[in-house]
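# Residue-level structural notes
Given next are the chains, with one letter for each unit.
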Amino acid sequence: MERILRLKNPILDYAWGSKTAIADLLGQPSPSEGPQAEMWMGAHPKAPSSVLWNDRQISLTELIDRHPGAILGAGAMEKFGPRMPYLFKVLAAAAPLSIQAHPNRVQARQGFERENAAGIALDAPHRNYRDENHKPECLCALTPFWGLCGFRQIEDILDYFARLGVSGLDDELALLRRGDLKGFFEAVMRLEDDRRRRVTAEVRDLARSLEADDPVFRWIVSLHRSYPDDIGILAPILLNLVCLKPGQAMFLASGRLHAYLEGTGIELMASSDNVLRGGLTPKHVDVSELMRVLRFEQGSVAVLAAQPDRECERRYPCAAEEFALSVIEVAERCPHRSRTDRSVEILLCTAGRLRAVEAAGRQTLIEKGAAVLVPAAVEGYRIEGSGTLYKASVPI
C-alpha cells in the first residue's frame, strides 16, 4: 500500500451536464454522446472510484475497507473513522443546477433516521437524506463560473424588485419591508399554482426589457426559458450573483442557499449526497424540509484566492474539517515536494504532463485529466515536469 495508485473515476450524466468540458479534460471524443455533468473522485458508495490492485480493478471503497489505516492515515482515522472523509469532483454545468442547500451534521443525522423510520428507500426519488453526514463544499473555477450563493441584503432585494416594477407580490414584499426575510421567502415558495404562473410571467416580461443593463435580469430570462412557471427564476434577485474567474473559489457552509448556473469547476466537499432542493429542477422539491435547514444570514459572497502554503503550492482558505483544497503549479526547474505529515490525498492534473516520484524511486505519470490516490502510507513524493494539479487532502 506504500505506492501511488491511478484512479479510474465514474462520470455522472445528469441532464444539465456539458458534452465537451469533461471529455476535453480527459482527452476523449468531444462532444460526448450525452451530457457529462460530474466526475467523482473518492469512495462515496453511490459512485466510488476504482484502482488497479493485484491485476484487477476494485472499488476504492473496498480497498479502504481492507487497508483503512494505510490509506487514510492515523489522523484522519481518529477524526472520521475508517472512511474517506471527502469527495472530489469535476463539475461541468452547461445548464443551471437546482436551487439547493445542505443540512448540518445534526440535521442530516435526524433526517436520515426519520426517513429510515418512515420506510423510505435510500434510492427513492422523494428521499431527502441519503446518509448521515453534512456537506460543506468548496467550488473552484476552471473556466468563468456563474453561480448564486447566499441571500442578498434585504435593501438590495427590494431595490431589484423596485427596478422591475413587479405588481404581483405586494403582500409578500410587505413582509420583506418589515425585515422578515424568512417569512417572505417561504411565502414566495408556497405561492399557489395560478398565482405563481402569473408572477413568473410578469417577472420574465419585465426582465426582458432590462437584461442588457444587468446580468441579474439576463439570468432571470435565461432561467425562465429552462424552467417556465418555476418561482426559482427569482433566485438571481434573492441571492448573490457571482462570476468566478478561473482560479477563484467560494466556500458554501451548511444551510446556505445556492445554485450553480454555468461553467466548469473543481468541487471538494464532505462525503455526502444530502440535497434539499427549492426549484429549477424536475427532481423532488421539499419546501418544508428546505426551510428547516436554511440559514437566512444576509451578505455578500467571499471570493477566495489560493494562499501560498509551500513550494509551488497554494491553498484555499476553507473552514472545513474534512478537506483542504490546494493548487500545485510545477515548472521544470521548480519541483514540488510533499509534506511528510500527510493524510490521504487525491491529485488531479488539469494541465501539462507531470511525474510523481516516490521516495523509493517509483514514478507515476500524471497527464492532463489523470487522477491519482496518494495513500498516507506513502513516505513522501515529489512532482516533476510542467503542469497544474489540484490536490484534495485532510487537514491534520
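Before any of the text, the structure's been laid out above.
Read on for a plain summary of the structure. Given the structure is predicted, the values throughout are model-derived calculations rather than measurements.

### A short note on the pattern of salt bridges
- This structure, assessed with the given rule, holds 27 salt bridges.
- Note that Lys 89 is salt-bridged to Glu 38, the shortest N-O span being 3.3 Å. Within this pair, whereas Lys 89 is found in strand E6 (residues 86–93), its partner Glu 38 is found in strand E3 (residues 38–41), the two being separated by 51 residues in sequence.
- One network of salt bridges, in which partners are shared, links Glu 313, Arg 342, Glu 345 and Lys 391.

### Describing the side chain of Glu 289
- Following the sequence through the fold, Glu 289 ends up in helix H12 (residues 287–293).
- For Glu 289, a relative accessible area of 6% puts it in the buried group.

### Side note on the pairing of strand E12 (residues 258–270)
- Counted residue by residue, E12 has 12 buried out of 13 residues, so it is predominantly covered.
- Relative to E12, strand E8 (residues 137–141) runs antiparallel, the two sharing five bridges. Bridge pairing in E12 places Ala 141 opposite Gly 265.
- Relative to E12, strand E9 (residues 145–151) is paired through four bridges, and the arrangement is antiparallel.

### Things to note about the packing of aromatic side chains
- As enumerated under the stated definition, the model contains eight aromatic pairs in all.
- An angle of 65° between the planes, with centres 6.0 Å apart, marks the rings of Phe 185 and Phe 296 as edge-to-face. With a gap of 111 residues between them, Phe 185 in helix H8 (residues 181–189) and Phe 296 in the loop between H12 and strand E14 (307–310) connect regions that are remote in the sequence.
- Feature note: the residues Phe 151, Phe 185 and Phe 296 constitute an aromatic cluster, connected by ring pairs.
- The positively charged end of Arg 218 is found above the aromatic ring belonging to Trp 146, 5.3 Å away from the centroid.
- The residue whose ring lies beneath Lys 283 is Tyr 14, and the NZ or CZ to ring-centre distance is 4.4 Å.

### What to know about the state of the cysteines
- Enumeration over the complete set of coordinates arrives at zero disulfides.
- Lacking any disulfide linkage, Cys 318 is separated from the closest cysteine sulfur, that of Cys 138, by 3.3 Å.

### Focus on the packing of helix H7 (residues 170–177) against H8
- Here H7 crosses H8 at 160°, and the two axes come no closer than 7 Å. In this view, H7 runs roughly antiparallel relative to H8, as classed from their interaxial angle. At the point where H7 passes H8, the crossing takes the left-handed sense. Contacts between H7 and H8 pair Glu 172, Leu 173, Leu 175 and Leu 176 from the former with Leu 181, Gly 183, Phe 184, Ala 187 and Val 188 from the latter.
- In terms of residue class, the contact of H7 with H8 is made up of seven nonpolar, one polar and one charged.

### Some thoughts on the nonpolar core
- Among the nonpolar cores identified, the biggest contains 52 residues, and Phe 161, Leu 169, Phe 185, Ile 237, Leu 238 and Leu 257 are the most heavily contacted of them.
- In terms of residue count, the dominant contributor to this core is helix H10 (residues 215–226) (six residues).
- Those residues in contact with Leu 257, other than ones at most four positions away along the chain, are Ile 99, Gln 100, Ala 101, Leu 148, Cys 149, Gly 150, Phe 151, Phe 185, Leu 239, Leu 290 and Leu 294.
- Counting residues in hydrophobic clusters, the runner-up holds 44 residues, among them Ala 43, Ile 71, Ala 76 and Leu 348.

### Observations regarding unusual backbone geometry
- The amide bond that connects Ser 30 to the next residue, Pro 31, takes the cis arrangement and shows omega of 5°.
- Checked against the element boundaries, Pro 31 lands in the loop between helix H1 (21–26) and E3.

### Things to note about the side chain of Glu 137
- Looking at the secondary structure, you find Glu 137 in strand E8.
- Of the side chains bearing the opposite charge, Lys 135 lies closest to the buried Glu 137, which forms no salt bridge; the N-O distance is 4.2 Å.
- Polar contacts involving the side chain of Glu 137 include one to the side chain of His 258, which spans 3.4 Å.

### Focus on the pairing of strand E1 (residues 5–8)
- Burial along E1 is one-sided: Leu 5 and Leu 7 are buried, and none of Arg 6 and Lys 8, which face the opposite way, are.
- Relative to strand E20 (residues 371–374), E1 is paired through two bridges, and the arrangement is antiparallel. Of the residues in E20, the one forming a bridge with Leu 5 is Leu 373.

### Points about the packing of helix H6 (residues 154–164) against H7
- Where H6 contacts H7, the two axes come as close as 10 Å, and the packing angle between them is 150°. Of the possible angle classes, the one that applies to H6 and H7 is roughly antiparallel. The element H6 and its partner H7 pack so that their crossing is left-handed. Taken together, the residues of H7 that come into contact with H6 (itself represented by Ile 154, Ile 157, Leu 158 and Phe 161) are Leu 173, Leu 176 and Arg 177.
- Residue composition of the contact of H6 with H7, grouped by class: six nonpolar, no polar and one charged.

Rules used throughout
Residues numbered from 1 in each chain as written. Predicted model: local features only at pLDDT ≥ 70, side-chain atom pairs only at ≥ 80, totals over all residues. Heavy atoms only, no water. Salt bridge = Lys/Arg side-chain N within 4 Å of Asp/Glu carboxyl O. Helix = DSSP H or I, 4+ residues; strand = E, 2+ residues; numbered from the N terminus. Buried < 20%, exposed > 50% of the residue type's maximum accessible area, 1.4 Å probe, protein only. Pairing = 2+ DSSP bridges. Phe/Tyr/Trp six-rings, centres within 6.5 Å; stacked < 30°, edge-to-face > 60°. Lys NZ or Arg CZ within 6 Å of the ring centre and 35° of its normal. Disulfide = S-S within 2.5 Å. Axes fitted to C-alpha atoms, helices over the stretch in contact; angles between N-to-C directions. Parallel < 35°, antiparallel > 145°, perpendicular 65-115°, else oblique. Left-handed = near helix turned anticlockwise from the far one by under 90°. Contact = heavy atoms within 4.5 Å. Nonpolar A, V, L, I, M, F, W, Y, C, P; charged D, E, K, R; others polar. Core = buried A, V, L, I, M, F, W, Y, C linked by side-chain atoms within 4.5 Å. Lys, Arg positive; Asp, Glu negative; His and termini not counted. Polar contact = N/O pair within 3.5 Å; in protein donor to acceptor, adjacent residues only side chain to side chain.

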